[in-house]
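As a plain string of letters, each chain reads:
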Amino acid sequence: MITNDLSWYFILISALLVNNIVLIRFLALCSFFGVSSKVETSVGMGFAVMFVMVMACSMSWAIYEFILAPYNLEFLRTAAFILSIAALVQLEELYIRKMLPELYKQMGIFLPLITTNCAILGAAFLAIDYKLNFFNTIIYAIGVSGGYMIAIILFAGIRERIELAPVPHYFKGYPIAFITASLMSLAFLGFSHLFGL
């Protein structure tokens, strides 16, 4: 459990490694498996998710604290958060299509699917549930999205190496990818006692 009395670096390390959104909480697996075949694409997806997550968590915090909570409209938080995330993703998609067309082609359908990336909505919910202030919400969002980026880049690097390895025919593709992800998840469990978190 993360609270406001923890230092910002505990929040960052906890979100980045200890409670990694992909490998420990098992959120955002669709884009994790779909975009992780090449390191370059994974880096682009990691930065795209980082931008959307930081902006979405900040906007969601402001919407909750200044609109929903004061007027007892907390029951609308899911709809409000999804609308704000969808708007951010549309702006980001327009920017990437215009400025980075090669990356836009590589990401394909997974770029607009950031809207439905449950890690982004989950991070916005968790920041509210943990009762973080605005600064700690931004730190938490950076940690969660950084954890996503670390996981997807490491996974892409391993998948590129596995493509060159003599893997039995029945394990090629997604079977070996799931085995690899499970081993990475076990490795990240080693961070669970870091700093006593």
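The structure displayed is predicted, hence computed values, not measured ones.

1. Brief notes about a nonpolar patch on the surface
Stage number 1. On the surface, Tyr170, Phe171, Ile179, Leu183, Leu186 and Leu189 cluster together to form a nonpolar patch covering roughly 670 Å² of accessible area.
Stage number 2. With respect to the helices and strands, leucine 186 occurs in helix 8 (residues 174-189).

2. Brief notes about unusual backbone geometry
Comment: phi is negative for the bulk of residues other than glycine, and the bulk of peptide bonds are trans.
Stage number 1. The phi dihedral of phenylalanine 26 is positive, around 60°, even though this residue is not glycine.
Stage number 2. You can see phenylalanine 26 is positioned in the loop between helix 1 (8-18) and helix 2 (29-34).

3. Digging into the packing of aromatic side chains
For any two aromatic rings, the description comes down to two numbers: the centre-to-centre distance and the angle of the planes.
Stage number 1. On inspection of all chains with the given rule, the structure shows 13 aromatic pairs.
Stage number 2. An angle of 40° between the planes, with centres 4.9 Å apart, marks the rings of tyrosine 9 and phenylalanine 10 as tilted.
Stage number 3. Judged by its relative accessible area of 42%, tyrosine 9 falls in the partly exposed class.
Stage number 4. Here the aromatic cluster, defined as three or more aromatic residues joined through ring pairs, consists of Phe32, Phe33, Phe155, Tyr174 and Phe178.

4. Brief notes about the pattern of salt bridges
Once their charged atoms are close, side chains differing in charge can pair, the charge on each being opposite to the other.
Stage number 1. For the structure shown, the criterion picks out two salt bridges.
Stage number 2. With its nearest N and O atoms 3.1 Å apart, the salt bridge here joins aspartate 129 to arginine 77. Highlighted residues: aspartate 129 in helix 6 (residues 118-129) and arginine 77 in helix 4 (residues 77-99), separated in sequence by 52 residues.
Stage number 3. Since its relative accessible area comes to 19%, arginine 77 is described here as buried.

Quick notes on the rules
Residues numbered from 1 in each chain as written. Predicted model: local features only at pLDDT ≥ 70, side-chain atom pairs only at ≥ 80, totals over all residues. Heavy atoms only, no water. Patch = residues over 30% accessible without salt bridge, like charges linked within 9 Å, V, L, I, M, F, W, Y side chains within 5 Å. Areas by Shrake-Rupley, 256 points an atom, 1.4 Å probe, with all protein chains shown as cover. Salt bridge = Lys/Arg side-chain N within 4 Å of Asp/Glu carboxyl O. Helix = DSSP H or I, 4+ residues; strand = E, 2+ residues; numbered from the N terminus. Phe/Tyr/Trp six-rings, centres within 6.5 Å; stacked < 30°, edge-to-face > 60°. Buried < 20%, exposed > 50% of the residue type's maximum accessible area, 1.4 Å probe, protein only.

That is the geometry; function is a separate question.
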